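Okay, here's what each chain looks like letter by letter:
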Amino acid sequence: MKIVITAREFTAPGIDGSHILTDAGYDVAEYCKGNYGVNTDADTMADLIGDADAAITGLEPINESVLKRCPNLKLISRRGIGYDSLKLDDLKKYGVSAVRTTGAVEGAVAEHVMAYIMHFARHISEQNSIMHKGKWERIMTYGAKNRTLGIIGFGGIGKETALRANGFGMRILYNCRHPQIEWESKYNAEYAALKDIMRQSDYISVCVPLTADTKELISRELINLMKKDAVLINTARSAVVDNDALADALKSRRIRGACIDVFDREPCTHSVFTDIENAVLTPHTASFTSENFKAMNERAARNVIDFFSNTIDERYIITKNRKDKL
């Protein structure tokens, strides 16, 4: 059985997950150094997958243009948890299932969110820069204790962020489609309407998946509700936020700052935020820890094995459209 790997860094030293497949007797073709991702075209993906039975992908788009040229394909094993790169209706049409690495990535992204919060809470890099210039200038910082963190989307990443924010003594508000009363005690979090989160929060973390319902969910109207000292954090997907409205709010100092890890096109070396001083930008690296990538790579490989042996855990399944021939 042939498995193609296009997910970047999958076979890098120390985080390699491909050995799990080769040890199990699979024929593995890896293209992990090709820098494939969200902007990879359908022809390239179809050529790479070819006659494979399964593919382990990152953010590479999988749609009908790819699937119709890959007759043996039965499974996409997504290295990560977001699946907006997969056209689920097309997967169903061609009988291709999809799984993801739920439980591996959430903690690393939550760490990144907290790092963003600490950047604005304590201004360590700014103070370090001043000290290296031979100056002794103290800054009274905003802090995190007793500040309100609003979490929009309370899935795995939102919950992991809440757990970490609790350690900093923050007040936590959350919003999601299906709130549960037990979360109030488990995560010390209070459910709030979206507008209330925007009005009350000092830090706002956007954690929703990109769907038709969440596109530009964080609209100009909502951004204009934010407190002057508030910071918006987006580690979800670029299209979830009205980025032009956010840029306007930053440039006019309508809000204190924003932290952005996701962009419309990636790699991105220039965006509406590039020249805005109070925008903190990272190149989609919220999940980039060696521990996390090792866990994701190994989980993505094990998901392939478990799928074909009919032992796949339901929590990893995005959509199950198995072809008759396995």
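Attention here is on the structure that accompanies the text. Everything numeric in this text was worked out from a predicted model, so none of it was measured. (Residues numbered from 1 in each chain as written. Predicted model: local features only at pLDDT ≥ 70, side-chain atom pairs only at ≥ 80, totals over all residues. Heavy atoms only, no water.)

1. Quick word on the overall build of the chain
1) Next: Counting its secondary structure elements, the chain contains 12 helices and 13 strands.
2) Next: For 326 residues, the compact-globule formula gives about 20 Å, and the C-alpha radius of gyration of the chain, at 21 Å, lands near that figure.
3) Next: Its C-alpha atoms put the chain at 65 × 50 × 35 Å along the principal axes.
4) Next: For the chain, buried positions account for 52% of its 326 residues.
5) Next: Partitioning the intrachain contacts of the chain with sequence separation of at least 6 by distance along the chain shows that 64% fall at a separation of at least 24.
6) Next: When the accessible surface of the chain is summed, it comes to about 15,600 Å², and 48% of that surface belongs to carbon and sulfur atoms.
7) Next: On the chain, the mean spot of the 43 positive side-chain charges and the mean spot of the 43 negative ones are 3 Å from each other. (Helix = DSSP H or I, 4+ residues; strand = E, 2+ residues; numbered from the N terminus. Rg over C-alpha atoms; globule rule 2.2 N^0.38 Å. Buried < 20%, exposed > 50% of the residue type's maximum accessible area, 1.4 Å probe, protein only. Contact = heavy atoms within 4.5 Å. Areas by Shrake-Rupley, 256 points an atom, 1.4 Å probe, with all protein chains shown as cover. Lys, Arg positive; Asp, Glu negative; His and termini not counted. Charge placed at Lys NZ, Arg CZ, Asp CG, Glu CD.)

2. Some points on the packing of helix 5 (residues 106–122) against helix 7 (residues 156–167)
1) Next: Contact geometry of helix 5 with helix 7 gives a least axis separation of 8 Å together with a crossing angle of 50 degrees. On the basis of their axis angle, the class for helix 5 and helix 7 is oblique. Read as a crossing pair, helix 5 and helix 7 show a hand that is right-handed. In this structure, helix 5 contributes Glu106, Gly107, Val109, Ala110, Glu111, Val113 and Met114 to the contact, and helix 7 contributes Gly156, Ile157, Glu160, Thr161, Arg164 and Ala165.
2) Next: A per-class count over the contact of helix 5 with helix 7 returns 6 nonpolar, 3 polar and 4 charged. (Axes fitted to C-alpha atoms, helices over the stretch in contact; angles between N-to-C directions. Parallel < 35°, antiparallel > 145°, perpendicular 65-115°, else oblique. Left-handed = near helix turned anticlockwise from the far one by under 90°. Nonpolar A, V, L, I, M, F, W, Y, C, P; charged D, E, K, R; others polar.)

3. Considering helix 2 (residues 42–49)
Side chains of residues three or four places apart in an α-helix project in the same direction, reflecting 3.6 residues per turn.
1) Next: Within the sequence span of helix 2, burial applies to Met45, Ala46, Leu48 and Ile49. The buried residues of helix 2 occupy an angular sector of 165 degrees when projected down its axis, which confines them to one face.
2) Next: Where helix 2 is buried, its residues meet strand 1 (2–5), strand 3 (54–57) and helix 3 (64–67).
3) Next: Of the residues trailing helix 2, Gly50 is marked for its positive phi of about 50 degrees. (Arc of directions from axis to C-beta.)

4. Notes on the environment of Lys87
1) Next: Of note, Lys87 is situated in the loop between strand 4 (75–78) and helix 4 (88–93).
2) Next: Considered as a pair, Lys87 and Ile276 are 189 residues apart in the sequence and their alpha carbons are 34 Å apart.
3) Next: Beyond its immediate chain neighbours, meaning those up to four positions away, Lys87 contacts Ile62 and Asn63.

5. A closer look at the sheet that holds strand 3
1) Next: Strand order in this open sheet of 6 strands is 2-1-3-4-5-13, and the pairing throughout is mixed. The strands lining the two open edges of the sheet, one partner per strand, are strand 2 (27–30) and strand 13 (317–319). Direction aside, neighbouring strands of the sheet carry axes that sit 20 degrees apart on average.
2) Next: Relative to strand 3, strand 1 runs parallel, the two being bridged by 3 bridges. (Pairing = 2+ DSSP bridges.)

6. What to know about the nonpolar core
1) Next: Ile117, Ile151, Phe154, Met170 and Tyr203 are the most contacted members of the largest nonpolar core, which has 36 residues in total.
2) Next: If one sorts the elements of this core by residue count, helix 5 sits on top with 7 residues.
3) Next: With near-sequence residues (within four places) excluded, Ile117 lies in contact with Ala144, Leu149, Met170, Tyr203 and Ile233.
4) Next: If you look at the next biggest cluster of nonpolar residues, it comprises 30 residues, including Ala236, Ala247, Phe273 and Ile276. (Core = buried A, V, L, I, M, F, W, Y, C linked by side-chain atoms within 4.5 Å.)

7. Side note on the layout of surface pockets
Take a probe with the size of a water molecule and roll it over the atoms, and the empty space left behind shows itself.
1) Next: Approximately 290 Å³ is the volume attributed to the second largest pocket.
2) Next: Around the second largest pocket, the lining residues are His119, Phe120, His123, Ile124, Ser125, Glu126, Arg253, Arg256, Glu277, Asn278 and Val280.
3) Next: Ranked by residue count, the leading element in the lining of the second largest pocket is helix 6 (residues 124–132), at 3 residues.
4) Next: Residues of the lining of the second largest pocket, tallied by class, amount to 3 nonpolar, 4 polar and 4 charged. (1 Å grid on protein atoms, 1.4 Å probe; cavity = no way out; pocket = protein on both sides within 12 Å on 5 of 7 lines; lining within 4 Å. Points joined across faces, edges and corners; volume = space filled by probe spheres on them.)

8. Things to note about the state of the cysteines
Throughout this description, disulfide means a covalent bond between two cysteine sulfur atoms.
1) Next: Taken as a whole, this structure holds 0 disulfides when the rule is applied.
2) Next: Unpaired in this structure, Cys70 has its nearest cysteine sulfur neighbour in Cys32, at a distance of 17 Å. (Disulfide = S-S within 2.5 Å.)

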